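Listed here are the chains, written in short residue letters.
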Amino acid sequence: AALINADRVLTVSPNYTREIQTPEGVFRLESFVRAKGDALRLGGILNGIDDVWNPETDKDLHERYSVDDLEVGKAANKAHVQQML
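The residue numbers shown here count from 1 along each chain, following its written sequence. Given that this is a predicted model, residues contribute local features only at a pLDDT of at least 70 and side-chain atom pairs are listed and counted only at 80 or more, while totals for whole chains, interfaces and linings are drawn from all residues. Side-chain measures here rest on the full set of heavy atoms in the structure, leaving out hydrogens and waters.

1. Quick word on the nonpolar core
Put simply, the test is: Nonpolar cores are built from buried Ala, Val, Leu, Ile, Met, Phe, Trp, Tyr and Cys residues. Side-chain atoms within 4.5 Å join them into one set. When accessible area is computed with a 1.4 Å probe and restricted to protein chains, residues below 20% of their type maximum are described as buried, those above 50% as exposed, and intermediate ones as partly exposed. Residue contacts are defined here by distance: any two heavy atoms, one from each residue, within 4.5 Å place the two residues in contact.
Counting residues in hydrophobic clusters, the biggest one holds six residues: A6, V9, I20, V26, V33 and L42. With sequence-adjacent residues up to four places away left out, V9 is seen in contact with L3, K36, R41, L42 and G43.

Encoded structure:
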């Protein structure tokens, strides 16, 4: 029921997205899942840790922070995002 009502389906990886569109990957739902993919409503987010990102140098953050002021910096950025919404 969740697949039917979902506007968009995201999986844990691009590979898993491909896998669930095959008969072996899903329990007789591959044609339905493939239709979501054909409608550009199916995607995979590559999971894992980004070891390149640095909040001390990220110009897109409202307030940059380091390990020394982690809680204050994250709270400030969260408050900024909440205000924007």
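Read on, since the account is not over.
2. Comments concerning a negative patch on the surface
What counts is decided by this rule: Within this analysis, patches are made of residues with over 30% relative accessible area and no salt bridge. Like charges are joined at 9 Å or less; nonpolar side chains (Val, Leu, Ile, Met, Phe, Trp, Tyr) at 5 Å or less. The Shrake-Rupley method, run with a 1.4 Å probe, gives the accessible areas here. Residue values count only the displayed protein chains as cover. Salt bridge criterion: a side-chain nitrogen from Lys or Arg within 4 Å of a carboxyl oxygen from Asp or Glu. We treat Lys and Arg as the positive residues and Asp and Glu as the negative residues; His and chain ends play no part in the count. All charge positions are set by atom: Lys at NZ, Arg at CZ, Asp at CG, Glu at CD. Where helices and strands are cited, they refer to DSSP runs of H or I of at least four residues and of E of at least two residues respectively, numbered from the N terminus.
A contiguous patch of negative charge on the surface is contributed by E56, E63, D68 and D69. With respect to the element layout, D68 can be found in the loop between strand 2 (42-44) and helix 4 (70-84). The class for D68 is exposed, based on a relative accessible area of 74%.

3. Describing the side chain of T17
Tracing the backbone through its elements, the reader meets T17 in helix 2 (residues 14-19). Ignoring sequence-local partners within four residues, the contact set of T17 consists of T11, L42, G43 and G44.

4. A closer look at helix 3 (residues 30-38)
How we decide: Read the arc as the range of directions from the helix axis to the C-beta atoms.
Among the residues of helix 3, those classed as buried are E30, V33 and K36. Down the axis of helix 3, the sector holding all buried residues measures 120°, keeping them to one side. On its buried face, helix 3 is in contact with helix 1 (2-5), strand 1 (9-11) and strand 2. Of the residues one or two after helix 3, L40 is the one with positive phi, at around 60°.

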